[in-house]
Amino acid sequence: MIQIIKAKIEDAKLIQQLAHAIWYPTYSEILSKEQIDFMLDNLYCIETLESSIQGNTTFYILYEGNVAVGFIGFGPKEDVLKIDKIYLLPSTQGKGFGKMLIDLAAEEARNLGFKELELNVNRYNKAYNFYLKQGFKVVEEVDIPYYEFFLNDYVMRKSLIS
């Protein structure tokens, strides 16, 4: 059974644990261990996650049976709903869970009156092709300074207008 449950502040530790389990296999071929460690420490420390959950980011956790296997975090950004985080354990990829999470974000966006979803993806991340299949299109290529690192991303958008 698949369940997608809205995260509460007490779920910050679970999201942190999932991020650590997902990031290393996802990014080890495209980012240095130093950058992965740094970003996990900054983006997924408990305080940052709790602040995000209490702020403008809505998190959902996807459960397969009783096991948390992924999460999504999104929030309003100007005229779009921006997916800031969408991650699944590598062992669950290909099961349709990513599509479920994107569909959830699209439904939330429509309910809030947004006509587009937006996300950033590392230009070398295999997920790029998945996002294309989900109807996202590249609108910009960016190199974002992040402390001593750079985030080499595509900004992608998906229209929610039928």
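Here's what I pulled together on the structure shown here.

Observations concerning the overall build of the chain
A count of helices and strands for the chain gives five helices and seven strands. Listing each helix as α and each strand as β along the chain from the N terminus yields β-α-α-α-β-β-β-α-β-α-β-β. Taken over C-alpha atoms, the radius of gyration comes to 15 Å for the chain, in line with the 15 Å a tight globule of 162 residues would show. Dimensions of the chain, computed from C-alpha atoms along their principal axes, come out at roughly 45 × 40 × 30 Å. Among the 162 residues that make up the chain, the fraction classed as buried is 44%. Residue pairs at least 24 apart in sequence account for 62% of intrachain contacts in the chain once pairs closer than 6 positions are excluded. In the form shown here, the chain has an accessible surface area of approximately 8800 Å², with 50% of it arising from carbon and sulfur atoms. One way to put it: in the chain the 17 positive side-chain charges average out to a point 7 Å from where the 22 negative ones average out.

A word on the layout of surface pockets
If you add up the space inside the largest pocket, you get close to 1100 Å³. Taken together, 43 residues line the largest pocket, and the ones lying closest to its centre are Tyr 27, Ile 86, Tyr 87, Asn 125 and Tyr 131. The element that contributes the greatest number of residues to the lining of the largest pocket is strand β4 (residues 80-88), accounting for seven residues.

Observations concerning the pairing of strand β7 (residues 149-159)
Summarising burial for β7: eight of the 11 residues are buried, a large majority. Across seven bridges, the pairing between strand β5 (residues 116-122) and β7 is antiparallel. From the neighbouring strand, Glu 116 faces β7, where its bridge partner is Ser 159. Judged from the nine bridges that link them, strand β6 (residues 137-146) and β7 form a sheet pairing that is antiparallel. The partner of Glu 141 across the bridge, within β7, is Tyr 154. As consecutive antiparallel partners, β6 and β7 are separated by two residues, and within that stretch Tyr 147 has a phi angle of approximately 55°, a positive value.

With respect to the sheet that holds β5
Spatially, seven strands are ordered β1-β2-β3-β4-β5-β7-β6 in an open sheet, and the strand pairing comes out mixed. The sheet is open, and its two borders are formed by β1 (2-6) and β6, each paired with just one other strand. The average undirected angle you get between the axes of adjacent strands in this sheet is 25°. Across five bridges, the pairing between β1 and strand β2 (residues 58-64) is antiparallel. Residue pairing across strands places Ile 5 opposite Ile 61, the latter belonging to β2. This element, helix α2 (residues 33-43), spans β6 and β7 of the sheet and lies at about 65° to β7. Docked against the sheet, helix α4 (residues 97-111) engages β1, β2, β3 (67-77), β4, β5 and β7, running at close to 160° with respect to β4.

Comments concerning the packing of helix α1 (residues 12-27) against helix α3 (residues 46-54)
Any two packed helices are characterised by how steeply their axes cross, that is the angle between the axes, and by the distance between the axes. The interhelical angle for the contact between α1 and α3, taken along N-to-C directions, is 120°, at an axis separation of 9 Å. Overall, the two elements α1 and α3 adopt an arrangement that is oblique. Two packed elements cross with a definite hand, and for α1 against α3 that hand is right-handed. Taken together, the residues of α3 that come into contact with α1 (itself represented by Ala 12, Lys 13, Ile 15 and Gln 16) are Ile 46, Leu 49, Glu 50 and Ile 53.

Conventions adopted
- Residues numbered from 1 in each chain as written.
- Predicted model: local features only at pLDDT ≥ 70, side-chain atom pairs only at ≥ 80, totals over all residues.
- Heavy atoms only, no water.
- Helix = DSSP H or I, 4+ residues; strand = E, 2+ residues; numbered from the N terminus.
- Rg over C-alpha atoms; globule rule 2.2 N^0.38 Å.
- Buried < 20%, exposed > 50% of the residue type's maximum accessible area, 1.4 Å probe, protein only.
- Contact = heavy atoms within 4.5 Å.
- Areas by Shrake-Rupley, 256 points an atom, 1.4 Å probe, with all protein chains shown as cover.
- Lys, Arg positive; Asp, Glu negative; His and termini not counted.
- Charge placed at Lys NZ, Arg CZ, Asp CG, Glu CD.
- 1 Å grid on protein atoms, 1.4 Å probe; cavity = no way out; pocket = protein on both sides within 12 Å on 5 of 7 lines; lining within 4 Å.
- Points joined across faces, edges and corners; volume = space filled by probe spheres on them.
- Pairing = 2+ DSSP bridges.
- Axes fitted to C-alpha atoms, helices over the stretch in contact; angles between N-to-C directions.
- Parallel < 35°, antiparallel > 145°, perpendicular 65-115°, else oblique.
- Left-handed = near helix turned anticlockwise from the far one by under 90°.

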